[in-house]
Amino acid sequence: MPEMDERVVMQQPLSAIAEAFEELSKRNDAHSIRLDTFCEAASLVSVLFRCLGLAFKFAELEYVAKLHGLLEASKTCPTLQDILNLDVASDTVKTSGSSSRNLRRVRQGLDLVRAIFEQLLSTDDNSLKEVATVAYGQVCAPYHTWAVRTAVYAGMYTLPTRDQLLMKLNETEQSAEKKMRRYIAASLPIIEYIDKLYLSRNITLDW
């Protein structure tokens, strides 16, 4: 994946994210994704959690920590398949801190952003509370403890407005819509690919 100008990433993060996942999706045609390339694309997503503020601070911290773990694993495991194979062999897939568990959490982060974008595209409401609540409820809430869920829902009142979010992302309504659709289209095959890595090894996704 070609390196992106850091100024582009900072000034127009939606463009950087959409482009990175489109490139990653193309590489998935070979049915194998390099772990370091995946981490590079996924790292761009953390800026979106930051833009959403306090409500998603926990999601941002967890996402960044798990992504760091995967980046370390990429030094010895070239592909996503390799980390599953290694953890299956050692029976540590669901063990705290394992690469397979980290991948599962990062995958949820990518899916959360997809769900938020889909909700944003389905309404023109300036408040993000309903958008974020529905997306979080669909993707992350089933796997979080009561304490975490309570903190996240309480933080929904601190979310920026739609206009404030667009300003933070340096986008107009029209430009953001196009890039959100691009990310949704490109990220879905990646999310499905990751799920299949678990399911093909008879590992359920209810954790």
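Residues numbered from 1 in each chain as written. Predicted model: local features only at pLDDT ≥ 70, side-chain atom pairs only at ≥ 80, totals over all residues. Heavy atoms only, no water.

By the naming in an unreviewed UniProt entry, the chain goes by Glycolipid transfer protein domain-containing protein 1 and is assigned to Cajanus cajan. Its UniProt record gives the chain the following Sequence similarities (unreviewed entry) comment, quoted word for word: "Belongs to the GLTP family." (UniProt positions renumbered as here; feature names shortened; annotations may be inferred.)

Ranked by internal contacts, the top residues of the largest apolar core, which has 66 residues, are Phe 21, Phe 38, Phe 56 and Phe 117. Among the elements that line this core, the one with the most residues is helix 11 (residues 173-199), at 10 residues. Residues contacting Phe 38, with those up to four places away along its chain left out, are Leu 24, Ile 33, Leu 70, Leu 80, Leu 103, Val 106, Leu 110, Ile 190 and Ile 194. (Core = buried A, V, L, I, M, F, W, Y, C linked by side-chain atoms within 4.5 Å. Buried < 20%, exposed > 50% of the residue type's maximum accessible area, 1.4 Å probe, protein only. Helix = DSSP H or I, 4+ residues; strand = E, 2+ residues; numbered from the N terminus. Contact = heavy atoms within 4.5 Å.)

Here we come to the pattern of salt bridges. Pairs may arise between side chains of opposite charge once their charged atoms sit close together. Scanning the entire structure with this criterion turns up 13 salt bridges. A salt bridge links Arg 182 to Glu 22; the nearest nitrogen and oxygen atoms lie 2.8 Å apart. Of this pair, Arg 182 sits in helix 11 while Glu 22 sits in helix 2 (residues 13-27); the two residues are 160 residues apart in sequence, bridging distant segments of the chain. The exposure class assigned to Glu 22 is partly exposed, which follows from its relative accessible area of 26%. (Salt bridge = Lys/Arg side-chain N within 4 Å of Asp/Glu carboxyl O.)

Here Met 156 shows up in the loop between helix 9 (146-155) and helix 10 (162-168). Accessibility expressed as a relative area gives 2% for Met 156, which makes it buried. In this structure, the C-alpha to C-alpha distance between Met 156 and Leu 54, residues 102 residues apart in sequence, is 8.0 Å.

Quick look at the UniProt feature "domain: Glycolipid transfer protein" (unreviewed entry) in the chain now. Within this numbering scheme, the UniProt entry marks residues 33-171 as carrying the feature "domain: Glycolipid transfer protein" (unreviewed entry). Along residues 33-171 one finds 68% helix and 0% strand; the C-alpha atoms at either end are 30 Å apart.

Glancing now at the packing of helix 2 against helix 11. Here helix 2 crosses helix 11 at 30 degrees, and the two axes come no closer than 8 Å. Viewed along their axes, helix 2 and helix 11 adopt a mutual orientation that is roughly parallel. Regarding helix 2 and helix 11, the two cross each other, and that crossing is left-handed. On the side of helix 2, the interface is formed by Leu 14, Ser 15, Ile 17, Ala 18, Glu 19, Phe 21, Glu 22, Leu 24 and Ser 25, while helix 11 contributes Ala 176, Lys 179, Met 180, Arg 182, Tyr 183, Ala 186, Ser 187, Pro 189 and Ile 190. Tallied by class, residues from the contact of helix 2 with helix 11 come to 11 nonpolar, three polar and four charged. (Axes fitted to C-alpha atoms, helices over the stretch in contact; angles between N-to-C directions. Parallel < 35°, antiparallel > 145°, perpendicular 65-115°, else oblique. Left-handed = near helix turned anticlockwise from the far one by under 90°. Nonpolar A, V, L, I, M, F, W, Y, C, P; charged D, E, K, R; others polar.)

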